[in-house]
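Observations on the three-dimensional arrangement
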Amino acid sequence: MSDLTKLPMYWTTLTYRDWNLHLSATSVGLCYVGSPNYPLQQLVDWTQSRFPGYTLIQDNEKLKPFTDELVEYLEGTRLNFAMPIDVRGTPFQLAVWNALRDIPYGQTKSYSDIAEHIRKPAAVRAVGAAIGANPVLITIPCHRVIGKNGALTGYRGGMDMKTKLLDLEGVSLPEMR
């Protein structure tokens with residue numbers, strides 16, 4: 001498939017304080033928010049594996065509505081996202097990601113809570129894997145998932161980012177203080 005026949009996927013870099021986040025969107029909605037300060041190659045590789053019929057086109061203006069909402073969230077003036085998203089995954093991953101979107105701002109859930117929510121109580125490890133595959137950091141709030149004992153657990157964006165996001169939302173965990 002030549003670049004002329006591929007569908008466009010627009011991307012930009014959102015710079016916020018000490019973070020540079022690569023974002024991309026299809027004509028349907030936001031499909032990717034990268035880890036802070038990772039090279040553009042992370043987005044390129046992800047696009048090739050998850051959206052093989054698409055070509056990346058830098059377009060800061062097309063991504064402005066998405067970057068605006070993310071900045072509003074990071075500034076503490078937005079509690080919920082209204083932007084459309086275009087996430088693709090297995091039915092199980094989509095169920096987990098939808099469950100994450102149900103976690104209210106400023107609250108946390110455990111991996112087992114999410115497994116119960118999607119009616120797969122024995123699938124705690126699979127829930128963890130699906131959360132780790134979340135392509136849209138912040139917008140699908142996987143940072144709100146913690147260990148059953150209240151401990152902070154892994155995060156694709158890094159533990160510093162997870163801690164900052166939970167702190168922004170006013171979540172107080174013993175491990176954070």
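Residues numbered from 1 in each chain as written. Predicted model: local features only at pLDDT ≥ 70, side-chain atom pairs only at ≥ 80, totals over all residues. Heavy atoms only, no water.

When you go through the protein chain residue by residue, the secondary structure sums to six helices and six strands. Secondary structure elements of the protein chain occur, N-terminal to C-terminal, as β-β-β-α-β-α-α-β-α-α-β-α. The dimensions of the protein chain, computed from C-alpha atoms along their principal axes, are 50 × 35 × 25 Å. Considering the protein chain as a whole, with its 177 residues, one finds that 47% of them fall into the buried category. (Helix = DSSP H or I, 4+ residues; strand = E, 2+ residues; numbered from the N terminus. Buried < 20%, exposed > 50% of the residue type's maximum accessible area, 1.4 Å probe, protein only.)

Glancing now at the side chain of Arg 78. Turning to its location among the elements, Arg 78 is positioned in the loop between helix H2 (60-74) and helix H3 (91-101). For Arg 78, the side chain forms a polar contact with the side chain of Glu 72, separated by 2.8 Å. A distance of 2.8 Å separates a polar side-chain atom of Arg 78 from the backbone oxygen of Asn 80. In this view, Arg 78 contacts Glu 69, Glu 72, Tyr 73 and Tyr 105; residues no more than four positions away in its chain are not counted. (Polar contact = N/O pair within 3.5 Å; in protein donor to acceptor, adjacent residues only side chain to side chain. Contact = heavy atoms within 4.5 Å.)

The strand order E3-E2-E1-E4 describes an open sheet built from four strands, whose pairing is mixed. For this open sheet the edge positions go to strand E3 (30-33) and strand E4 (54-58), each flanked by a neighbour on one side alone. Neighbour-to-neighbour, the strand axes of the sheet open up by a mean angle of 30°, direction not taken into account. (Pairing = 2+ DSSP bridges. Axes fitted to C-alpha atoms, helices over the stretch in contact; angles between N-to-C directions.)

A word on the state of the cysteines. Counting across every chain of the model gives zero disulfides. Not engaged in a disulfide, the cysteine Cys 31 finds its nearest cysteine sulfur in Cys 142; these two sulfurs lie 15 Å apart. The exposure class assigned to Cys 142 is buried, which follows from its relative accessible area of 4%. (Disulfide = S-S within 2.5 Å.)

Right, let's get into the packing of H3 against helix H5 (residues 124-132). Interhelical geometry of H3 versus H5 gives an angle of 80° and a closest axis separation of 9 Å. As far as their axial angle goes, H5 and H3 are roughly perpendicular. Residues Phe 92, Gln 93, Val 96, Trp 97 and Leu 100 of H3 pack against Ala 126, Val 127, Ala 130 and Ile 131 of H5. (Parallel < 35°, antiparallel > 145°, perpendicular 65-115°, else oblique.)

Turning our eyes to something else, we now look at the nonpolar core. In terms of nonpolar packing, the biggest core is built from 40 residues, with Leu 23, Val 96, Leu 100 and Ile 138 touching the most fellow members. Mapped onto this core, the elements with two or more residues apiece are strand E1 (7-16), strand E2 (19-25), E3, H2, H3, helix H4 (111-117), H5 and helix H6 (159-168). No other element matches H2, which puts five residues into this core. Those residues in contact with Leu 100, other than ones at most four positions away along the chain, are Ile 114, Ile 131, Ile 140, Pro 141, Cys 142 and Val 145. Counting eight residues, the second-largest nonpolar core is a separate cluster that includes Met 9, Trp 46, Phe 51 and Tyr 54. (Core = buried A, V, L, I, M, F, W, Y, C linked by side-chain atoms within 4.5 Å.)

Attention now moves to the environment of Arg 119. Looking at the secondary structure, you find Arg 119 in the loop between H4 and H5. Between the C-alpha atom of Arg 119 and that of Ala 95, which follows or precedes it by 24 residues, the distance is 9.9 Å.

With that out of the way, let us pick up the pattern of salt bridges. Counted by the stated rule, this structure contains seven salt bridges. Linking Lys 164 and Asp 160 is a salt bridge whose minimum nitrogen-to-oxygen distance equals 3.2 Å. Separated by four residues within a single helix, Lys 164 and Asp 160 lie in helix H6, roughly one turn from each other. With a relative accessible area of 36%, Lys 164 lands in the partly exposed category. (Salt bridge = Lys/Arg side-chain N within 4 Å of Asp/Glu carboxyl O.)

Function cannot be inferred from these measures alone, as they are strictly geometric.
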